[in-house]
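Here is how the chains run, residue by residue.
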Amino acid sequence: MYDRAVRRRRLTLAALLALSLLLLTAYFGESSGGVLHSAQRGVFGVFAPIQDGASRVLKPGRDLFGWFGDTIDAKGRVGELERSNRNLRARAIAGSEAERVNGQLRQLLNLDNAGGLAAAKPVTARVIGQSPTVWYASVTINEGSNRGVKVGNPVINGDGLVGQVSTVTGDAAVVTLISDGELAVPARVSVGGAQGVAQTGAGGPEDLRLKFIARRFRLDPGATVVTAGTVSNSPGLESLYPPGIPIGSVTRVEDPETDAQKIYLRTFADLRKLEIVQVLTSSINGNRR
Amino acid sequence: MNLNYRSLGWRLVLIGLFTVILQVAAVSQVKVFGVNADLVPLVAASVGLICGALPGAVFGFALGLLLDFALVETVGVASLILLTIGYATGRLRELRDPQGAIVPLLVGAAATAAAQIGFSLLTFLLGQEVPLGWALLWELLGTVAFNAAIAIPVYLVVRRCLLSVLPEDPRRRRRRAYTTGGLSPLSRS
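This structure is a prediction, so every number in the text was calculated from the model and none was measured.

J.: Let's hear about the overall build of chain A: which residues, and what values?
T.: In terms of helices and strands, chain A carries four helices and twelve strands. With 289 residues in all, chain A has 34% of them scored as buried. Relative to all contacts within chain A whose residues are 6 or more apart in sequence, the contacts with residues 24 or more apart total 60%.

This is the structure we're talking about:
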């Protein structure tokens, strides 16, 4: 009796281990149209409405715990913000004259941006789920192909670029965030026009870097980085991202003006607290400037 | 152990579904000091600790599969890790039967650390760039500490859900006999 129980336990363990490895190998080896991927999209399609409902129901509890977390975090940031406030006040005084001119330019810029993004058929969506592990930087949103969302569409929020749609079902989609190492975004510095690629480095998901910047460009902390859009005139080489979407600002530069310079960015969008996002479902003029 | 597998199975299915939905829709989105709790390894470890190696392994496998499907991630990664956690905690119960009140906390912390390190290793083996650095270490240690803090309540909730379908623990039966009087061997003298 005991031997049989032991044998059954070991057989089950071996079978489950083998099945896990088999699934892993098959999933990793097949294309995105394969059986497992299709089944996964099917399950995701069923699961998404439940997740959406649960997200709405659990929002008050989430907000309550989030408030506690934010309060603890905020206490730690008071000193940092006070220093930042002093710097900003000094810069505000110095920049008051520039502000008058800038106001007029900004009106024009906003007009261009608003017109551009409105033409990109933005679809507003709510974040209904978030990956629990640091390895998979993704969120689930409650809009999918029924509203025109497609794989590869850029996703933004009020602060700037958030990521890119990686999986779509009828009523939901998975957005791979810009903090995922798999994602590389053509980017340029708004002042000076240096062009490169924004991608998370191997140092951590929050370690966003601007790569491939020519050494003749000198970048200072605070410089704003935006999406570059399509830079090639050849058909088939269009960027997925419209030009001019804010990505982040330069926080520090190591080995400046050398071939090995490392430029670190902080995203404008707070990727840990995403609630409402917009998916840009259409490109205008191949995302060229 | 003589288990009522049908009742136990239904309860485990419900616990698994509830855990994944709660984790994905709420717990993952609440950060304290930049880290969030991960209920999944805690629940897998609790089930192993309460039900034993075989149900623990099967539950861990199914929970991992559901998580991979729900999050559209590489199928098999979470299954492999949670299967191992469920089995290991189940064997711990069968071989050592630890009884201290602090056991769920220690097992929960160990299960979380194993899950985090397991994800790192498998991610690395699958050819994805592994983000090594202080941020990751902070995230790993923070999650382990956060999970350790909630491990005992999670264990108690899982035990509460499963207790009625499990065979009565001889130790608990003996303790109840003593406290209720009539069945105590001392009362015969």
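Continuing now.
J.: Which residues make up the sheet that holds strand β12 (residues 276-280) of chain A, and what values go with them?
T.: Residue and element names in this part refer to chain A. Here we have six strands rolled up into a closed barrel, ordered β1-β2-β5-β4-β3-β12, and antiparallel in their pairing. Neighbour-to-neighbour, the strand axes of the sheet open up by a mean angle of 45 degrees, direction not taken into account. Note that strand β3 (residues 154-157) and β12 share two bridges and pair antiparallel. By the bridge assignment, V155 is partnered in β12 with V279.

J.: Describe the interface of chain B and chain A, and please don't skip the residues or the numbers.
T.: In this assembly, 42 residues from chain B lie in contact with 47 residues from chain A. For the side of chain B that touches chain A, the element with the highest residue contribution is helix α3 (residues 53-70) of chain B, accounting for seven residues.

J.: For the environment of A269 of chain A, give the residues involved together with the corresponding values.
T.: Residue and element names in this part refer to chain A. In this fold, A269 is placed in the loop between β11 (262-267) and β12. A269 sits in the buried class, given 23 other C-beta atoms within 10 Å. When sequence neighbours within four positions are dropped, the list of residues in contact with A269 reads N157, D159, G160, L161 and V162.

J.: Pulling in residues and values, what's your account of the sheet that holds β11 of chain A?
T.: Residue and element names in this part refer to chain A. The strand order β6-β7-β8-β11-β10-β9 describes a closed barrel built from six strands, whose pairing is antiparallel. Across the sheet, the axes of successive neighbouring strands diverge by a mean angle of 40 degrees, strand direction being ignored. Here strand β10 (residues 246-254) runs beside β11; their pairing, made up of six bridges, is antiparallel. The residue of β11 that forms the bridge with V253 is I263.

J.: Describe the environment of L39 of chain B, and please don't skip the residues or the numbers.
T.: Residues and elements named next belong to chain B. Within the secondary structure, L39 is located in helix α2 (residues 39-51). Residues L39 and I150, 111 residues apart in the sequence, show an inter-C-alpha distance of 8.8 Å. Apart from the residues within four sequence positions on either side, L39 is in contact with T19, L22, Q23, V27 and V154.

J.: Tell me about the nonpolar core, and please be specific about residues and values.
T.: In terms of nonpolar packing, the biggest core is built from 109 residues, with V162 and I247 of chain A together with A44 of chain B touching the most fellow members. Per-element tally for this core: the top contributor is α3 of chain B, with 13 residues. Excluding residues that lie within four positions of it along the chain, A44 of chain B makes contacts with F59, G60, L63, L82, I85, G86 and A111 of chain B.

J.: With reference to specific residues and values, describe α2 of chain B.
T.: Residues and elements named next belong to chain B. The terminal C-alpha atoms of α2 lie 18 Å apart, and with 13 residues this matches the ideal 18 Å at 1.5 Å per residue to within 8%. With 13 of 13 residues buried, α2 lies mostly within the body of the structure. Within two residues after α2, G52 carries a phi angle of roughly 110 degrees, on the positive side.

J.: Explain the confidence of the model for chain A residue by residue, including any values.
T.: Looking at chain A as a whole, its pLDDT mean stands at 80, while 83% of the residues score no less than 70. Averaged over each element, pLDDT in chain A is lowest for helix α4 (residues 96-119) of chain A (53) and highest for strand β5 (residues 173-177) of chain A (92).

J.: Mind laying out the environment of L208 of chain A, listing which residues take part and the relevant values?
T.: Residues and elements named next belong to chain A. You can see L208 is positioned in strand β8 (residues 208-211). According to the C-beta neighbour criterion, L208 is buried, with 25 such atoms within 10 Å. Leave out the neighbours within four places in its chain, and L208 touches I178, S179, A198, T200, G248, L265 and T267.

J.: Tell me about the packing of α2 of chain B against helix α5 (residues 103-125) of chain B, residues and numbers included.
T.: All names here are of chain B. Put simply, α2 and α5 touch, their axes get as near as 9 Å, and they point 130 degrees apart. Between α2 and α5, the crossing angle belongs to the class labelled oblique. The element α2 and its partner α5 pack so that their crossing is right-handed. Every residue of α5 that contacts α2 at P41, L42, A44, A45, S46 and L49 is listed here: P104, V107, G108, A111, T112 and A115. For the contact of α2 with α5, the residue count by class is nine nonpolar, three polar and no charged.

J.: Can you break down the pairing of strand β9 (residues 224-227) of chain A residue by residue, with the values?
T.: By the bridge criterion, three bridges tie strand β6 (residues 184-189) of chain A to β9 of chain A in an arrangement that is antiparallel. Of the residues in β9 of chain A, the one forming a bridge with V189 of chain A is V225 of chain A.

J.: Describe helix α1 (residues 5-25) of chain B, and please don't skip the residues or the numbers.
T.: For α1 of chain B, which comprises 21 residues, the first-to-last C-alpha distance of 30 Å matches the rise-based estimate of 30 Å (1.5 Å per residue) to within 8%. Within the span of α1 of chain B, buried status applies to L12, G16, T19, V20, I21, Q23, V24 and A25 of chain B. The inward-facing, buried residues of α1 of chain B abut α2 (35-57) and β1 (122-130) of chain A together with α2 and α3 of chain B.

Definitions and cut-offs
- Residues numbered from 1 in each chain as written.
- Chains lettered and ligands numbered in written order.
- Predicted model: local features only at pLDDT ≥ 70, side-chain atom pairs only at ≥ 80, totals over all residues.
- Helix = DSSP H or I, 4+ residues; strand = E, 2+ residues; numbered from the N terminus.
- Buried ≥ 20, exposed ≤ 12 C-beta atoms within 10 Å, placed from the backbone.
- Contact = placed C-beta atoms within 7 Å.
- Pairing = 2+ DSSP bridges.
- Axes fitted to C-alpha atoms, helices over the stretch in contact; angles between N-to-C directions.
- Core = buried A, V, L, I, M, F, W, Y, C linked by C-beta atoms within 7 Å.
- Expected span 1.5 Å × (residues − 1).
- pLDDT = per-residue confidence, 0-100.
- Parallel < 35°, antiparallel > 145°, perpendicular 65-115°, else oblique.
- Left-handed = near helix turned anticlockwise from the far one by under 90°.
- Nonpolar A, V, L, I, M, F, W, Y, C, P; charged D, E, K, R; others polar.

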